[in-house]
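# Residue-level structure breakdown
What follows is the residue order along each chain.
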Amino acid sequence: MARPRKNMSQLRDILRLTMQLGLSGNQAEQSLRISRIKVQKCIRRAKEARLNWSIVSEMSDEDLEKLLFPAPDVKENKVPDLDWLAFTQS
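Description of the structure in this document.

The contact between helix H2 (residues 25-32) and helix H3 (residues 36-48) brings their axes to 9 Å, and the two run at 125°. One way to sum up the angle between H2 and H3 is to call them oblique. Seen from above, H2 lies across H3 with right-handed handedness. Taking contact as the criterion, the partners of Gly25, Asn26, Ala28 and Glu29 in H2 are, on H3, Arg36, Val39 and Ile43. Among the residues forming the contact of H2 with H3, the class breakdown is three nonpolar, two polar and two charged.

Now the structure itself:
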């Protein structure tokens, strides 16, 4: 089971401190009292999504979450389904 994500206000705080105020990840971590890894992951995801503070500040929480945590690609099942009826009759 997946672990719950940090709430969006905390992610926005990370992005505000690092993007708008220019703090380092370490400074944001100390200011918000959260783990360095969580700050680094948030910053990495924002960079991958090519976000800046002017964009983030105008986005809804739902839109921001979609950009930071995109849905995983669903791969088609390449294994054909078994014909269980034929399988059990043999």
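A few words now on the pattern of salt bridges. Summed over the entire model, instances satisfying the criterion amount to three salt bridges. A salt bridge links Glu29 to Arg36, with the shortest nitrogen-to-oxygen separation between them at 3.1 Å. In this structure, Arg44 and Glu48 form a salt bridge, with 3.3 Å as the shortest nitrogen-oxygen distance. Separated by four residues within a single helix, Arg44 and Glu48 lie in helix H3, roughly one turn from each other. Judged by its relative accessible area of 38%, Arg44 is partly exposed. Taking relative accessible area as the criterion, Glu48 reaches 54% and is therefore assigned exposed.

Each value, and the rule that gives it
Along each chain, numbering runs from 1 in the same order as the chain's sequence is written. Local features in this predicted model are restricted to residues whose pLDDT is 70 or higher, and side-chain atom pairs enter the listing and the counts only when it is 80 or higher, whereas totals over whole chains, interfaces and linings include all residues. No hydrogens and no water enter the side-chain calculation; it runs on all heavy atoms of the structure. Axes, fitted as lines to C-alpha atoms, cover a helix only where it is in contact. Angles between the N-to-C directions of the axes lie from 0 to 180 degrees. Helix and strand assignments come from DSSP, with helices taken as H or I runs of at least 4 residues and strands as E runs of at least 2, each series counted from the N terminus. The labels follow the angle: roughly parallel below 35 degrees, roughly antiparallel above 145, roughly perpendicular from 65 to 115, and oblique for the rest. A clockwise turn of the near helix away from the far one marks a right-handed crossing, whereas an anticlockwise turn of less than a right angle marks a left-handed crossing. The contact definition used throughout considers only heavy atoms, calling two residues in contact when any of these lie within 4.5 Å. Any residue outside Ala, Val, Leu, Ile, Met, Phe, Trp, Tyr, Cys, Pro, Asp, Glu, Lys and Arg is labelled polar, Gly included; the first ten of those are nonpolar and the last four are charged. Each reported salt bridge corresponds to a side-chain nitrogen of Lys or Arg within 4 Å of a carboxyl oxygen of Asp or Glu. Each residue is assigned to one of three classes by its accessible area relative to the maximum for its type, calculated with a 1.4 Å probe on protein chains only: buried under 20%, partly exposed between the two thresholds, exposed over 50%.

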